[in-house]
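These are the residues of each chain, in order.
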Amino acid sequence: KDLEVTSIDGTALPIKTQLTIDCQQKFLQMTADGFKLKDLSKIMTFLQLQAELFNSNIKSTFHMAYYLKVIFSDLRFCDNKIDCVDYFLRAIGLKFDSENRELFNEYFKSLKSIKKGSDYVKLSIKNLLKHRENNWIGEDELIEFSLDDFHKIEQSLKDLKEVEIAKKCHYFKRHVFQ
């Protein structure tokens, strides 16, 4: 049987339900004044925890949808807010997209509609959209190697190993055999 706690009104709730309610209330408190710089590290840490819980199958898409709803309730994106959105969407993107694509489409449609904001916000949105198009693999992670590139890397590693061996031999000649 799940552990239960008594809520403020005296009803017994499963502890998991009470923790979810507490998390949602805390998030609303943290974001009530917008995404202020002074609160940014708390918000980012909170979203990081929620994403980890989601990716570990402890929290459901329902919970992530709640946080996305709060974030997207105001489409005025400042630099601080876009950093949080960018991190959160990249952290939950692959799994959330596969489980609830239609809802994610709505949020991305909202992102595409944003025309105001700093150049940083616009660039972040563009990169986020591209990240999703690439199935949540960033361009920096998409490195194409030709066979020649592979052989060059392989040769470099061999050369590096030979240098290390030569250094060790030189060390032994100077210190061990004298």
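Residues numbered from 1 in each chain as written. Predicted model: local features only at pLDDT ≥ 70, side-chain atom pairs only at ≥ 80, totals over all residues. Heavy atoms only, no water.

Enquirer: Lay out the overall build of the chain with the relevant residues and their values.
Expert: Of regular secondary structure, the chain possesses seven helices and two strands. The N-to-C order of helical and strand elements in the chain reads β-β-α-α-α-α-α-α-α. Every one of the 178 residues in the chain was classed for burial, and the buried ones make up 31%. Long-range contacts, defined as pairs at least 24 residues apart, comprise 59% of the intrachain contacts of the chain with a sequence gap of at least 6. (Helix = DSSP H or I, 4+ residues; strand = E, 2+ residues; numbered from the N terminus. Buried < 20%, exposed > 50% of the residue type's maximum accessible area, 1.4 Å probe, protein only. Contact = heavy atoms within 4.5 Å.)

Enquirer: Tell me what's going on with the side chain of Gln50, and back it up with residues and numbers.
Expert: One can find Gln50 in helix H2 (residues 37-55). Separated by 3.4 Å, the side chains of Gln50 and Tyr67 make a polar contact. (Polar contact = N/O pair within 3.5 Å; in protein donor to acceptor, adjacent residues only side chain to side chain.)

Enquirer: Before we move on, could you go through the side chain of Lys95 and cite the residues and values that matter?
Expert: Positionally, Lys95 belongs in helix H4 (residues 79-99). Since its relative accessible area comes to 17%, Lys95 is described here as buried. Within the local environment of Lys95, its side chain forms a polar contact with the backbone oxygen of Phe54, the two atoms lying 2.7 Å apart. Non-local contacts of Lys95, meaning those with residues more than four positions away in its chain, are made with Phe54, Asn55 and Asn57.

Enquirer: How would you summarise the packing of aromatic side chains if you had to cite specific residues and measurements?
Expert: Considering all chains together, one arrives at ten aromatic pairs under this definition. Ring geometry for Phe46 and Tyr67: centres 5.5 Å apart, planes at 80°, overall edge-to-face. Highlighted residues: Phe46 in helix H2 and Tyr67 in helix H3 (residues 61-72), separated in sequence by 21 residues. Judged on exposure class, the residue Phe46 and its partner Tyr67 are both buried. Each ring, one from Phe96 and one from Phe104, has its centre 4.7 Å from the other, and the planes form 40°; the classification is tilted. Pair check on accessibility: Phe96 and Phe104 agree, each one buried. One cation-aromatic arrangement involves Lys95 over Phe54; the distance from NZ or CZ to the ring centre is 4.3 Å. (Phe/Tyr/Trp six-rings, centres within 6.5 Å; stacked < 30°, edge-to-face > 60°. Lys NZ or Arg CZ within 6 Å of the ring centre and 35° of its normal.)

Enquirer: Before we move on, can you summarise the packing of H4 against helix H6 (residues 119-133) with the specific residues and values?
Expert: For any two helices packed against each other, one specifies the inter-axial angle together with the distance between the axes. Where H4 meets H6, the closest approach of the two axes is 10 Å, and the angle between their N-to-C directions is 5°. In terms of orientation, H4 lies roughly parallel with respect to H6. Each of Asp79, Ile82, Asp83, Val85, Asp86, Leu89, Arg90 and Asp97 in H4 lies in contact with H6, whose residues at this interface are Tyr120, Val121, Ser124, Ile125, Asn127, Leu128, His131 and Arg132. Across the contact of H4 with H6, the residue classes break down as seven nonpolar, three polar and six charged. (Axes fitted to C-alpha atoms, helices over the stretch in contact; angles between N-to-C directions. Parallel < 35°, antiparallel > 145°, perpendicular 65-115°, else oblique. Nonpolar A, V, L, I, M, F, W, Y, C, P; charged D, E, K, R; others polar.)

Enquirer: For the environment of Asn57, give the residues involved together with the corresponding values.
Expert: Its place among the elements puts Asn57 in the loop between H2 and H3. Assessed through its relative accessible area of 59%, Asn57 is described here as exposed. Spatially, the C-alpha atom of Asn57 lies 10.0 Å from that of Lys95, the residues being 38 residues apart in sequence.

Enquirer: Can you tell me about unusual backbone geometry, naming the residues and giving the values?
Expert: At Asn57, a position not held by glycine, the phi torsion is positive, near 65°. One non-glycine residue with positive phi stands out, namely Asn135, at about 60°.

Enquirer: Break down the confidence of the model for the chain for me, with residues and values.
Expert: Across the chain, the average pLDDT comes to 78, with 79% of residues at or above 70. At the low end of the mean pLDDT range in the chain sits helix H7 (residues 147-175), at 66; at the high end sits helix H5 (residues 101-113), at 89. (pLDDT = per-residue confidence, 0-100.)

Enquirer: How would you sum up the pattern of salt bridges? Please name residues and give values.
Expert: For the structure shown, the criterion picks out five salt bridges. Between Asp86 and Arg90 there is a salt bridge, and its shortest N-O distance comes to 2.9 Å. Taken together, the residues span about one helical turn, with Asp86 and Arg90 both in helix H4 at a distance of four residues. Owing to a relative accessible area of 21%, Asp86 belongs among the partly exposed residues under this scheme. Linking Lys109 and Glu106 is a salt bridge whose minimum nitrogen-to-oxygen distance equals 3.9 Å. With a gap of three residues between them, Lys109 and Glu106 both fall in helix H5, about one helical turn apart. Residue classification places Lys109 among the exposed positions, given a relative accessible area of 53%. (Salt bridge = Lys/Arg side-chain N within 4 Å of Asp/Glu carboxyl O.)

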